[in-house]
Amino acid sequence: MAELSSLVQRLETAVSRLEAVSGTGGPAGGAVSAYVEAYDDIISGPVAQYISLSQNIGGDVKKHADLMKEAFTCQRQLLVIASSHQKPPDVSLLQPVSKLINQVQAFREQNRSSTFFNHLSAVSESVPAFGWVAMAPKPCPYVKEMQDAAMFYTNRVLKDYKDKDKAHVDWVKAYQSIWTKMQDYIKEHHTTGLAWSKTGPIASASASASAPAPVGGCPPPPPPGPPPPPMDFSSGGGGDSDAGASRNALFASINKGSDITKGLKHVSDDQKTHKNPSLRGQAAPVRTGPKPFSSASPRPAASATPTRTLPPVLELDGKKWKVVSNLLSRVYAFSSTNVPLFILHPLSDNCKKMSLVFDDVVGIVEVINCRDVKVQVMGKIPTISINKTDGCHVYLSKDSLSCEIISAKSSEMNILVPQKDGEFSEIPVPEQFKTVWDGKKLVTTATEIAG
């Protein structure tokens with residue numbers, strides 16, 4: 001009888017555990033996996049210290065930290081789901097974290113006049129590190145790269161407050177410690193990517209609603225809606241068939257490779273300045289560059305019509321990436337070669353033979369450490385920055401002629417300005433400068449042979 005009673009007790013225990021699994025969608029008895037517990041150690045350690053110091057500093061730093069706290073809570077929910085579910089076929093589960101990343105970066109853009117702008121920038125530059133869950137097979141190097149991106153601004157904070165307020169120095173150390181600990185965590189538990197369960201149901205967006213939150217954490221956000229349908233670029237991405245056809249023509253010409261030069265005109269020897277010294281003294285005519293794609297109908301003024309909102313898109317079509325983002329966050333293209341990219345709010349870093357095409361931008365377009373890139377503005381933009389780049393052609397629209405172009409350590413830069421006949425005039429940006437002392441200050445001017 002004792003053996004029978006023991007067997008009944010074991011069966012009851014097993015049934016209780018099965019009921020707990022079906023009721024919570026997680027491990028039996030409300031337990032969490034080892035890697036979720038390890039993530040909780042990060043939240044209760046450096047993350048809690050960062051949140052506490054941010055609250056002590058107050059102001060925009062505290063508000064920014066509240067968004068970061070919600071992001072960590074949201075990612076923990078994803079880890080809980082991954083510990084008991086198989087990997088889903090789509091990325092809908094990543095949308096809540098992605099939305100919070102955008103909110104963190106948008107907060108910085110909306111508070112550029114803040115006293116704590118360097119604090120906000122340090123967090124905004126590194127917050128994409130949350131995307132390590134989608135960075136297989138090398139999530140750890142990605143986090144390290146995002147941590148390094150914040151170093152420029154954390155160094156500014158240290159410089160400004162090193163001898164003034166130790167709380168800000170401790171804040172920097174706590175924040176940097178988060179991503180250092182995160183790298184150790186990923187190396188141990190997610191070496192080649194987020195470790196999804198090999199058993200259990202396939203994860204879905206509805207699973208996030210039942211995932212338990214950490215003690216004292218923020219309530220889970222509502223489950224995201226279905227992903228938007230892919231935008232039809234064949235029709236111009238929003239009713240403008242002429243613009244769509246022109247875009248396709250541009251991408252087709254870019255994909256020609258070496259054949260694209262077949263349409264160039266031959267220059268005879270009598271037209272070459274290096275063989276005819278007499279031509280050097282003449283004023284050089286303004287060069288006419290190739291005409292990029294444009295709409296057949298004139299573009300209305302930016303203030304005449306509301307900004308068009310396109311459904312977000314991130315997809316690879318053959319050799320072309322199509323990216324559309326209606327948020328203020330940047331689209332970061334890194335180490336890309338021979339890639340036409342149609343995006344909003346771009347940042348191009350370490351790319352070669354890349355084409356950027358975008359509409360209105362409220363901030364800045366940055367081209368860093370690139371070679372042979374083409375940038376085309378379809379709408380309005382206040383600033384274009386070119387740094388450490390060899391070969392950059394910038395096509396301006398009529399609405400963007402007042403933009404500022406800032407360059408440093410770059411060569412072979414050409415700005416193409418639209419003319420009345422629809423053609424573009426190509427004007428080189430000076431690369432060589434002359435500096436003289438006028439008795440009071442240094443005066444720097446572009447040399448006549450620059451370009």
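- The name given to the protein in an unreviewed UniProt entry is Adenylyl cyclase-associated protein, and the organism recorded there is Myripristis murdjan.
- On record in UniProt, under Sequence similarities (unreviewed entry), the comment for the protein is "Belongs to the CAP family."

**With respect to the overall build of the protein**
Okay, so step 1: A count of helical and extended segments in the protein gives 10 helices and 16 strands.
Okay, so step 2: Expressed as a percentage of contacts within the protein between residues at least 6 apart in sequence, the contacts between residues at least 24 apart total 45%.
Okay, so step 3: Summing over all exposed atoms, the protein offers an accessible surface of approximately 25,200 Å²; the carbon and sulfur share of this is 55%.

**Thoughts on the confidence of the model for the protein**
Okay, so step 1: Mean pLDDT over the protein works out to 75, with 61% of the residues at or above the 70 mark.
Okay, so step 2: Confidence over residues 293–308 falls short of pLDDT 50; this stretch has 23 contacts with residues more than four positions distant or in other chains.
Okay, so step 3: This model gives residues 338–345 a pLDDT under 50, and the stretch forms 53 contacts once residues within four places in sequence are excluded.

**Comments concerning the nonpolar core**
Okay, so step 1: Core analysis: the largest hydrophobic core is formed by 54 residues, its most contacted members being Tyr50, Met68, Phe130, Trp132, Trp179 and Tyr185.
Okay, so step 2: Breaking this core down by element, the ones donating at least two residues are helix 2 (34–57), helix 3 (59–84), helix 4 (95–110), helix 5 (117–126), helix 6 (139–149), helix 7 (151–161) and helix 8 (166–189).
Okay, so step 3: Broken down by element, the residue count for this core peaks at 12 residues, all from helix 3.
Okay, so step 4: The residues contacting tyrosine 50, other than those within four sequence positions of it, are His64, Ala65, Met68, Val123, Trp171, Ala174, Tyr175 and Ile178.
Okay, so step 5: Core analysis: the second largest hydrophobic core is formed by 22 residues, Phe358, Val367, Val375 and Val429 among them.

**Some words on unusual backbone geometry**
Okay, so step 1: Look at the link from alanine 136 to proline 137: it is a cis peptide, with omega at 5°.
Okay, so step 2: Summarising the element assignment, proline 137 is placed in the loop between helix 5 and helix 6.
Okay, so step 3: At lysine 409, a position not held by glycine, the phi torsion is positive, near 55°.
Okay, so step 4: For lysine 409, the location among the structural elements is in the loop between strand 12 (404–408) and strand 13 (411–418).

**Things to note about the packing of helix 5 against helix 7**
Okay, so step 1: Between helix 5 and helix 7, the least distance of the axes is 8 Å, while the angle of their chain directions is 155°. Considering their axes alone, helix 5 and helix 7 lie roughly antiparallel with respect to each other. Taken as a pair, helix 5 and helix 7 cross one another with a handedness that is left-handed. Packed against helix 5, whose contacting residues are Asn118, His119, Ser121, Ala122 and Glu125, the element helix 7 presents Tyr153, Thr154, Arg156, Val157, Asp160 and Tyr161 at the interface.
Okay, so step 2: Looking at side-chain class alone, the contact of helix 5 with helix 7 contains four nonpolar, four polar and three charged residues.

**Some thoughts on the packing of helix 2 against helix 3**
Okay, so step 1: Two elements in contact, helix 2 and helix 3, have axes whose closest approach is 9 Å; the angle formed by their N-to-C orientations is 170°. With respect to helix 3, the axis of helix 2 lies roughly antiparallel.
Okay, so step 2: Its residues placed into classes, the contact of helix 2 with helix 3 shows 15 nonpolar, six polar and four charged.

**Some words on the pattern of salt bridges**
Okay, so step 1: Scanning the entire structure with this criterion turns up eight salt bridges.
Okay, so step 2: For lysine 62, the salt bridge is made with aspartate 66, and the minimal N-O distance between the two is 3.3 Å. Separated by four residues within a single helix, lysine 62 and aspartate 66 lie in helix 3, roughly one turn from each other.
Okay, so step 3: By relative accessible area, which is 32% here, aspartate 66 ends up partly exposed.
Okay, so step 4: Linked through salt bridges whose partners overlap, the residues forming this network are Arg108, Glu109, Arg112 and Glu125.

**Comments concerning a negative patch on the surface**
Okay, so step 1: Together, Asp372, Asp390, Glu412 and Glu431 give the surface a local cluster of negative charge.
Okay, so step 2: With respect to the helices, strands and loops of the structure, glutamate 431 is situated in the loop between strand 14 (424–428) and strand 15 (433–437).

**Examining the environment of aspartate 359**
Okay, so step 1: Tracing the chain through its elements places aspartate 359 in the loop between strand 7 (355–358) and strand 8 (364–368).
Okay, so step 2: The class for aspartate 359 is buried, based on a relative accessible area of 11%.
Okay, so step 3: It is 9.9 Å that separates the C-alpha atoms of aspartate 359 and serine 397, two residues lying 38 residues apart in sequence.

**Digging into the environment of glycine 59**
Okay, so step 1: Structurally, the position occupied by glycine 59 is in helix 3.
Okay, so step 2: Residues glycine 59 and serine 114, spaced 55 residues apart in sequence, show a C-alpha to C-alpha distance of 9.2 Å.

**Quick word on the side chain of serine 397**
Okay, so step 1: Along the chain, serine 397 turns up in the loop between strand 11 (390–395) and strand 12.
Okay, so step 2: Of the polar contacts made by the side chain of serine 397, one reaches the backbone oxygen of glycine 379; its length is 2.6 Å.
Okay, so step 3: Once you skip the residues sitting within four places of it in the chain, serine 397 turns out to touch Val377, Met378, Gly379 and Pro418.

**Quick word on helix 8**
Okay, so step 1: Its 24 residues place the ends of helix 8 34 Å apart at the C-alpha level, agreeing with the 34 Å of an ideal helix rising 1.5 Å per residue.
Okay, so step 2: By the burial criterion, the buried members of helix 8 are His168, Val169, Trp171, Val172, Ala174, Tyr175, Ile178, Trp179, Met182, Gln183, Tyr185 and Ile186.
Okay, so step 3: For helix 8, the secondary structure elements touched by its buried residues are helix 2, helix 3, helix 5, helix 6 and helix 7.
Okay, so step 4: In this structure aspartate 165 caps helix 8, since a side-chain oxygen of it lies 3.0 Å from the backbone nitrogen of alanine 167.

**Some details on the packing of aromatic side chains**
One pair of aromatic rings is described through two measures. These are the centre distance and the angle between the planes.
Okay, so step 1: Under the definition given, this model contains 11 aromatic pairs.
Okay, so step 2: One aromatic cluster in this structure is built from Tyr50, Phe72, Phe130, Trp171, Tyr175 and Trp179.

Calculation notes
- Residues numbered from 1 in each chain as written.
- Predicted model: local features only at pLDDT ≥ 70, side-chain atom pairs only at ≥ 80, totals over all residues.
- Heavy atoms only, no water.
- UniProt positions renumbered as here; feature names shortened; annotations may be inferred.
- Helix = DSSP H or I, 4+ residues; strand = E, 2+ residues; numbered from the N terminus.
- Contact = heavy atoms within 4.5 Å.
- Areas by Shrake-Rupley, 256 points an atom, 1.4 Å probe, with all protein chains shown as cover.
- pLDDT = per-residue confidence, 0-100.
- Core = buried A, V, L, I, M, F, W, Y, C linked by side-chain atoms within 4.5 Å.
- Buried < 20%, exposed > 50% of the residue type's maximum accessible area, 1.4 Å probe, protein only.
- Axes fitted to C-alpha atoms, helices over the stretch in contact; angles between N-to-C directions.
- Parallel < 35°, antiparallel > 145°, perpendicular 65-115°, else oblique.
- Left-handed = near helix turned anticlockwise from the far one by under 90°.
- Nonpolar A, V, L, I, M, F, W, Y, C, P; charged D, E, K, R; others polar.
- Salt bridge = Lys/Arg side-chain N within 4 Å of Asp/Glu carboxyl O.
- Patch = residues over 30% accessible without salt bridge, like charges linked within 9 Å, V, L, I, M, F, W, Y side chains within 5 Å.
- Lys, Arg positive; Asp, Glu negative; His and termini not counted.
- Charge placed at Lys NZ, Arg CZ, Asp CG, Glu CD.
- Polar contact = N/O pair within 3.5 Å; in protein donor to acceptor, adjacent residues only side chain to side chain.
- Expected span 1.5 Å × (residues − 1).
- Phe/Tyr/Trp six-rings, centres within 6.5 Å; stacked < 30°, edge-to-face > 60°.

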